[in-house]
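Structural description and commentary
So the chains spell out like this:
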Amino acid sequence: MSNLAYIEHYTKDDYSLWEGDWELIHGQPYAMAPLPMFNHQYSNGKIHRYIDQQLDNCKGCYTLFETDVEFSNDTVVRPDCMVICYEPIDRVTKTPEVVFEVISKSTAKRDEIIKFDLYEKEGVKYYILVYPDSKKAKLYKLKDGKYIKEGDFSDEKYTFHTTKCDIEFDFDFIWKK
């Protein structure tokens, strides 16, 4: 008998039966934070509201708030906010073009390492890590299959170029009360 530890490998069928909030990455379950803190939810709401207004004139792009993305049979994640440029039938099964993750202490390593690698491999064009406590966002753009840091943003504007439209985003809006 082998001395190697057995590691469970789950699928989205297993995931669909779980109670509570989970993410499934390469067959491994990750519990989501039970209740996001005020700064997390407030920042995420501001991001969604701003982008949603920017997409009013864009036919075919949508901003989604805490919605599951099924990348594969063993990977289902729930970005804080994302932009997709197609109309899903039931579920989001195609790669988003823009993903925002608002960083909480309990999920920071997952967002900065595991999801960073996942989104890069899945071809998410823009990945933004938002740090509400320091009022800073780190923006990465996919180039030749690798994320290149575009910069740290606090009160600057940046234009995301999706396949169907351009979205000018004002990072200062996230922090305004």
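1. Some thoughts on the nonpolar core
- Ile47, Phe100, Ile128, Val130, Phe160, Phe169 and Phe171 are the most contacted members of the largest nonpolar core, which totals 27 residues.
- Mapped onto this core, the elements with two or more residues apiece are helix H2 (38–54), strand S6 (81–84), strand S7 (98–102), strand S8 (126–131), strand S9 (136–143), strand S11 (157–161), strand S12 (166–170) and helix H4 (172–175).
- Sequence-distant contacts of Phe171, that is, excluding residues within four places in its chain, are made with Phe100, Ile128, Ala137, Leu139, Phe153, Ser154, Glu156, Tyr158 and Phe160.
- Judged by nonpolar contacts, the second largest core, of 21 residues, contains Phe71, Met82, Tyr86 and Tyr127.

2. Quick word on the packing of aromatic side chains
- For the structure on display, the rule yields 22 aromatic pairs.
- Pairwise contacts between aromatic rings join Tyr50, Phe100, Tyr126, Phe153, Tyr158, Phe160, Phe169, Phe171 and Phe173 into one cluster.
- Directly above the ring of Phe173 sits Lys46, whose terminal nitrogen or CZ lies 4.2 Å from the centroid.
- The ring of Tyr131 is capped by Lys136, whose NZ or CZ atom sits 6.0 Å from the centre of that ring.

3. Side note on the side chain of Glu70
- Within the element layout of this structure, Glu70 appears in strand S4 (residues 69–72).
- Given a relative accessible area of 14%, Glu70 falls into the buried group.
- In terms of polar contacts, Glu70 uses its side chain to reach the side chain of Arg91, at 2.8 Å.
- Sequence-distant contacts of Glu70, that is, excluding residues within four places in its chain, are made with Lys12, Thr75, Val76, Arg91, Val92 and Thr93.

4. Some words on the sheet that holds S8
- Sheet architecture is open: six strands sit in the order S3-S6-S7-S8-S9-S10, paired in mixed fashion. Of all the strands in the sheet, the pair left with one neighbour each is strand S3 (62–65) and strand S10 (146–153). Averaged over all pairs of adjacent strands, the angle between their axes in this sheet comes to 20°, without regard to strand direction.
- By the bridge criterion, five bridges tie S7 to S8 in an arrangement that is parallel. Note that in S8 the partner of Glu101 across the bridge is Leu129.
- Across the sheet, H2 lies against S3, S6, S7 and S8, angled at about 165° from S3, the strand it touches most.
- The strands touched by helix H3 (residues 108–122) within the sheet are S7, S8, S9 and S10, with S8 carrying the most contacts at an inclination of about 165°.

Each value, and the rule that gives it
Residues numbered from 1 in each chain as written. Predicted model: local features only at pLDDT ≥ 70, side-chain atom pairs only at ≥ 80, totals over all residues. Heavy atoms only, no water. Core = buried A, V, L, I, M, F, W, Y, C linked by side-chain atoms within 4.5 Å. Buried < 20%, exposed > 50% of the residue type's maximum accessible area, 1.4 Å probe, protein only. Helix = DSSP H or I, 4+ residues; strand = E, 2+ residues; numbered from the N terminus. Contact = heavy atoms within 4.5 Å. Phe/Tyr/Trp six-rings, centres within 6.5 Å; stacked < 30°, edge-to-face > 60°. Lys NZ or Arg CZ within 6 Å of the ring centre and 35° of its normal. Polar contact = N/O pair within 3.5 Å; in protein donor to acceptor, adjacent residues only side chain to side chain. Pairing = 2+ DSSP bridges. Axes fitted to C-alpha atoms, helices over the stretch in contact; angles between N-to-C directions.

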